[in-house]
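A look at the structure
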Amino acid sequence: MSNHVLSHSETDDLGEIIAVHCFLEPFDLAFKINALLGLKLVRTDYDISFKQTEEKYMVYSTDPSSEGPLVFLYSNSYIKSSINKSSRLLFDQESTEHSLMPELNSADYIIKYVDENKTIDSFIKSLSLLKELSSCYKVAESKIKSKHNLIL
């Protein structure tokens, strides 16, 4: 996957953040959201990654040139496996989980919803109809510390 460089205009959008708790794989969740809500979420050509770590987070989005809201679906977890040769345990492999938004580390996915018509409440209500979702809710902006991780 290629790296994405931000332009100044991308940091100014007024998107809302939705936390999603769900056991589905990202492609399956995107498919079900598309089927339920009539969106066209597709895997982007780039993942979110950081220079100082190996972390990579999958991104799905709707086409910015299409009518309607701009929706981004992000995986919120990355599991890093490493081998600990000094371990005296039965297995020498260790796994650590990292989050794209550490303040929402219990959320499996993050949705960034950008719409001029401010229809986020009806979007969340429709999204909650997916039986595979444990919960989904709008995150108060005051609780978000790492929103710039989601700028695309």
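My aim in this report is to walk through the structure given alongside it, one point at a time. Numbering of residues starts from 1 in every chain and runs along the sequence as written. For this predicted model, a pLDDT threshold of at least 70 governs which residues receive local features, and a threshold of 80 or more governs which side-chain atom pairs are given and counted, while totals over whole chains, interfaces and linings are taken from all residues. Working from all heavy atoms in the structure, the side-chain values ignore hydrogens and water.

For helix α2 (residues 120–127), every residue scored as buried is listed here: I120, F123, I124 and L127. Projected onto a plane normal to the axis of α2, the buried residues spread over an arc of 95° and lie on a single side. Of the exposed residues in α2, those oriented more than 90 degrees away from the buried face are D121 and K125. Here a residue-residue contact requires only that any non-hydrogen atoms of the pair lie within 4.5 Å. Starting at the N terminus, helices and strands are each numbered in turn, a helix being any DSSP run of H or I of at least four residues and a strand any DSSP run of E of at least two. Residues of α2 that are buried sit in contact with β1 (16–22), α1 (26–37), β6 (70–75), β9 (109–114) and β10 (133–138). Each residue is placed in one exposure class: buried if its accessible area under a 1.4 Å probe, protein chains only, is under 20% of its type's maximum, exposed if it is over 50%, and partly exposed if it falls in between. In this description, the arc belongs to the directions extending from the helix axis to the C-beta atoms.

Moving on to the sheet that holds strand β2 (residues 42–43). Across a sheet, paired strands are connected by hydrogen bonds in the backbone, their directions being either parallel or antiparallel. By definition, two strands form a pair when at least two bridges between them are found by DSSP. Taken together, the six strands give an open sheet; going across it, the order is β2-β5-β6-β9-β1-β10, and neighbouring strands pair in antiparallel fashion. Here the strands that pair on one side only, and so sit at the sheet edges, are β2 and β10. Relative to β6, strand β5 (residues 59–61) runs antiparallel, the two sharing three bridges. Residue pairing for β6: S61 is matched across the bridge by F72. Axis definition: a line fit to C-alpha positions, over the contact stretch in the case of helices; interaxial angles, taken between N-to-C directions, run 0 to 180 degrees. Lying over the sheet, α2 contacts β1, β6, β9 and β10, oriented at roughly 175° with respect to β10.

Moving on to the nonpolar core. Among the buried residues, those of types Ala, Val, Leu, Ile, Met, Phe, Trp, Tyr and Cys that are joined through side-chain atoms within 4.5 Å form a nonpolar core. I18, V20, L29, I111 and L127 are the most contacted members of the largest nonpolar core, which totals 22 residues. The element that contributes the greatest number of residues to this core is α2, accounting for four residues. Setting aside residues no more than four positions away along its own chain, L29 makes contact with V20, C22, L24, L73, Y109, L130 and L133.

Let us look at the packing of α1 against α2. Contact geometry for α1 and α2: axes closest at 10 Å, N-to-C directions at 115°. Taken together, α1 and α2 sit at an angle that is classed as roughly perpendicular. Where α1 crosses over α2, the two elements pack in a sense that is right-handed. Every residue of α2 that contacts α1 at I33, L36 and L37 is listed here: F123, S126 and L127. Only Asp, Glu, Lys and Arg are considered charged in this grouping, and only Ala, Val, Leu, Ile, Met, Phe, Trp, Tyr, Cys and Pro are considered nonpolar; every other residue, Gly among them, is considered polar. In terms of residue class, the contact of α1 with α2 is made up of five nonpolar, one polar and no charged. Working rule for angles: under 35 degrees goes down as roughly parallel, over 145 as roughly antiparallel, 65 to 115 as roughly perpendicular, anything else as oblique. By convention, the crossing between two helices is left-handed when the near helix turns anticlockwise from the far helix through less than a right angle, and right-handed when the turn is clockwise.

Multiplying 1.5 Å by the residue count of a helix minus one yields the expected span of that helix. Along its twelve residues, α1 runs 16 Å from first to last C-alpha, staying within 8% of the 16 Å computed at 1.5 Å per residue. Burial in α1 covers these residues: P26, L29, A30, I33 and N34. The buried residues of α1 occupy an angular sector of 135° when projected down its axis, which confines them to one face. Counted as exposed and oriented over 90 degrees from the buried face of α1: F27, F31 and A35. As for α1, its buried residues are in contact with β1, β5, β6, β9, α2 and β10. Phi for G38, located one or two positions after α1, is positive at around 70°.

Within the secondary structure layout, N34 lies in helix α1. With residues near it in sequence (within four places) discarded, N34 still touches L39, K40 and L41.

Turning our attention to the pairing of β6. Summarising burial for β6: five of the six residues are buried, a large majority. Relative to β9, β6 runs antiparallel, the two being bridged by six bridges. In the strand pairing of β9, L73 is matched with I111.

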